[in-house]
Amino acid sequence: AQRVTQPEKLLSVFKGAPVELKCNYSYSGSPELFWYVQYSRQRLQLLLRHISRESIKGFTADLNKGETSFHLKKPFAQEEDSAMYYCAASEKLVFGKGTKLTVNP
Amino acid sequence: DTEVTQTPKHLVMGMTNKKSLKCEQHMGHRAMYWYKQKAKKPPELMFVYSYEKLSINESVPSRFSPECPNSSLLNLHLHALQPEDSALYLCASSGSPGGARNEQYFGPGTRLTVT
């Protein structure tokens, strides 16, 4: 079955510390992978997609086909990064359960 | 216009009521989606419309009835709902039809409470 796994429900770091949100997928073929973010009281919005290989708000994510992972990383976390982060995969947009990131001052 | 809009923002309805949720986008997207999101859970796909035709129905109960009047509008008609149907209902759109291979733009959602 197609599945996206985010093993950490909650993640708490201090401002300026590196942060890594883990995502593993189980898919046949070559799925398209995304990271979505939901800030408090805001709509769900796309943060990154693996095919564009870009950096948004200092976040990057690399697709590792060998490990079937798509971890989200940022070298220096900011308080405004506190939000709910969802990893998602196509064909139908299947979401992981999400990781709530809290960046403490 | 690069937003997906949804109305109403909040809706309270009884189990015998009939109501509709509305979604609109003017980005020329050809695929539109309905998701259900319970508190502290990820969104769950309900329906996908591709070029105004229903292409995916994720075994959603018939008390939820989607409708796509044109390429910019998507409705979700509700009838005889149960209290467990209370949730945030999200609409999304994307540029390409036939699946979710492109990035989706989400609306703010309608918070539905069934009493």
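Predicted model, so just to flag it, every value in this text is computed and none were measured. Here the residue index of a chain counts from 1 through its sequence in written order. Lettering for chains starts from A, numbering for ligands starts from 1, and both go in the order in which the items are written. For a predicted model such as this one, the threshold for reporting local features is a pLDDT of at least 70, and the threshold for listing and counting side-chain atom pairs is 80 or more; totals across whole chains, interfaces and linings nevertheless cover every residue. The basis for every side-chain value is the complete set of non-hydrogen atoms in the structure, without hydrogens or water.

Engineer: Hey, could you run me through the state of the cysteines in this one?
Structural biologist: By definition, a disulfide is the covalent link that joins the sulfur atoms of two cysteine residues. Only a pair of cysteine sulfur atoms within 2.5 Å qualifies as a disulfide here. Inspection of the entire model under this criterion finds two disulfides over all chains. Linked covalently through their sulfurs, A:Cys23 and A:Cys87 form a disulfide whose S-S length is 2.0 Å. Measuring handedness by torsion sign, the sulfur bridge of A:Cys23 and A:Cys87 sits at about -65 degrees and is left-handed. Remark: A:Cys87 occurs in strand 9 (residues 83-89) and A:Cys23 occurs in the loop between strand 3 (19-21) and strand 4 (24-26); sequence separation between them is 64 residues. For the pair A:Cys23 and A:Cys87, one class covers both residues: buried. Across the disulfide, B:Cys23 is cross-linked to B:Cys91 (sulfur-sulfur distance 1.9 Å). Disulfide B:Cys23-B:Cys91: the torsion about the S-S bond is -70 degrees, which places it as left-handed. Of this pair, B:Cys23 sits in strand 3 (residues 18-25) while B:Cys91 is found in strand 9 (residues 87-94), placing the two residues 68 residues apart along the sequence. Sulfur of B:Cys68: no disulfide; nearest cysteine sulfur belongs to B:Cys23 and is 9.2 Å away. Per the convention used, a helix needs a DSSP run of H or I reaching at least four residues, while a strand needs a run of E reaching at least two, with both numbered from the N terminus. A 1.4 Å probe rolled over the protein chains alone gives each residue an accessible area, and that area as a share of the maximum for its type sets the label: buried under 20%, exposed over 50%, partly exposed in between.

Engineer: Is there a simple way to explain the sheet that holds strand 7 (residues 64-70) of chain B in this structure?
Structural biologist: Strand pairing in a sheet is mediated by backbone hydrogen bonds. Such pairs are either parallel or antiparallel. Residue and element names in this part refer to chain B. Spatial strand order, 1-3-8-7: four strands in an open sheet with antiparallel pairing. Whereas interior strands pair on both sides, the edge strands pair on one side only; in this sheet they are strand 1 (4-7) and strand 7. Averaged over all adjacent pairs, the angle separating strand axes in this sheet is 20 degrees, with direction ignored. Pairing of strand 3 with strand 8 (residues 73-79), which is carried by seven bridges, proceeds in the antiparallel orientation. Among the inter-strand pairings, Glu-24 is bridged to a residue of strand 8, identified as Leu-73. For two strands to pair, DSSP has to find at least two bridges joining them. Every axis in this analysis is a line fitted to C-alpha atoms, fitted for helices over the stretch in contact. Angles between the N-to-C directions lie between 0 and 180 degrees.

Engineer: I keep staring at the packing of aromatic side chains and nothing clicks. Help me out?
Structural biologist: Aromatic ring pairs are reported here in terms of the distance separating the ring centres and the angle at which the planes meet. Put simply, two rings from Phe, Tyr or Trp (the six-membered ring, in Trp's case) pair if the centres are within 6.5 Å, and we call them stacked under 30 degrees between planes, edge-to-face over 60, tilted for the rest. Throughout the structure, instances matching the rule amount to 10 aromatic pairs over all chains. Seen from their ring centres, A:Phe59 and A:Tyr85 are 5.6 Å apart, and the 45 degrees between their planes marks the pair as tilted. Within this pair, whereas A:Phe59 is found in the loop between strand 6 (45-49) and strand 7 (60-61), its partner A:Tyr85 is found in strand 9, the two being separated by 26 residues in sequence. Exposure remark for A:Phe59: the relative accessible area of 0% places this residue in the buried category. Considering the side-chain rings of B:Phe64 and B:Tyr89, the 5.8 Å spacing of their centres and the 35 degrees angle between planes classify their relative orientation as tilted. Here B:Phe64, found in strand 7, pairs with B:Tyr89, found in strand 9; they are 25 residues apart in sequence, far enough to count as distant. Like B:Tyr89, B:Phe64 is buried.

Engineer: Help me understand the pattern of salt bridges, please; the structure alone is not making it clear to me.
Structural biologist: Opposite charge on two side chains permits them to pair, given that their charged atoms come into close proximity. Salt bridge, as used here: a side-chain nitrogen of Lys or Arg that lies within 4 Å of a carboxyl oxygen of Asp or Glu. Evaluation of the coordinates by the stated rule reveals six salt bridges over all chains. Salt-bridge contacts for A:Lys22 lead to A:Glu20; the nearest nitrogen and oxygen are separated by 3.0 Å. B:Glu3 serves as the salt-bridge partner of A:Arg43, at 3.8 Å between the closest nitrogen and oxygen. On the criterion of chain membership, the pair formed by A:Arg43 in the loop between strand 5 (33-38) and strand 6 and B:Glu3 in the segment before strand 1 is interchain, its members lying in two chains. Residue B:Glu3 is classed as partly exposed on the basis of its relative accessible area of 39%. Among the charged side chains, a salt-bridge network with shared partners connects A:Glu20, A:Lys22 and A:Lys73.

Engineer: When you look at the interface of chain B and chain A in this model, what are you seeing that I'm missing?
Structural biologist: Bring the parts together and some accessible area is lost; that lost area is often taken as the interface size. Contacts: residue pairs with any heavy atoms within 4.5 Å of one another. Taken together, the contacts link 19 residues of chain B with 17 residues of chain A. Once two parts are put together, the accessible area they lose, assessed with a 1.4 Å probe and summed over both, is termed the buried area. In total, about 1600 Å² of surface goes out of reach between chain B and chain A, with carbon and sulfur atoms giving 50% of it. If you look at where chain B meets chain A, you find one salt bridge. Nitrogen and oxygen atoms within 3.5 Å of one another constitute a polar contact, given that in protein one can donate a hydrogen and the other can accept it, and given that sequence-neighbouring residues count only through two side-chain atoms. Our count for the chain B to chain A interface comes out at five residue pairs in polar contact (both at pLDDT 80 or more). Of all elements in the fold, only strand 4 (31-37) and strand 10 (104-106) of chain B reach the threshold of two or more residues within the side of chain B that touches chain A.

Engineer: So what exactly am I meant to see when it comes to the pairing of strand 3 of chain B here?
Structural biologist: Judged from the four bridges that link them, strand 1 of chain B and strand 3 of chain B form a sheet pairing that is antiparallel. Opposite B:Thr7, over in strand 3 of chain B, you have B:Lys22 as the bridge partner.

Engineer: Just to check I follow, could you spell out unusual backbone geometry for this structure?
Structural biologist: The phi torsion of most residues other than glycine is negative, and most of the peptide bonds are trans. Between B:Thr7 and the following residue, B:Pro8, the backbone shows a cis peptide bond with an omega angle of -10 degrees. As for its position among the elements, B:Pro8 is in the loop between strand 1 and strand 2 (10-13). Look at A:Arg41: it is not a glycine, yet its phi comes out positive at around 65 degrees. Looking at the element boundaries, A:Arg41 is found in the loop between strand 5 and strand 6. In the Ramachandran plot, B:Ser59 falls in the positive-phi region, its phi being about 55 degrees despite a non-glycine side chain. With respect to the element layout, B:Ser59 can be found in the loop between strand 6 (53-57) and strand 7. Looking at B:Ser59, the relative accessible area reads 70%, which means it is exposed.

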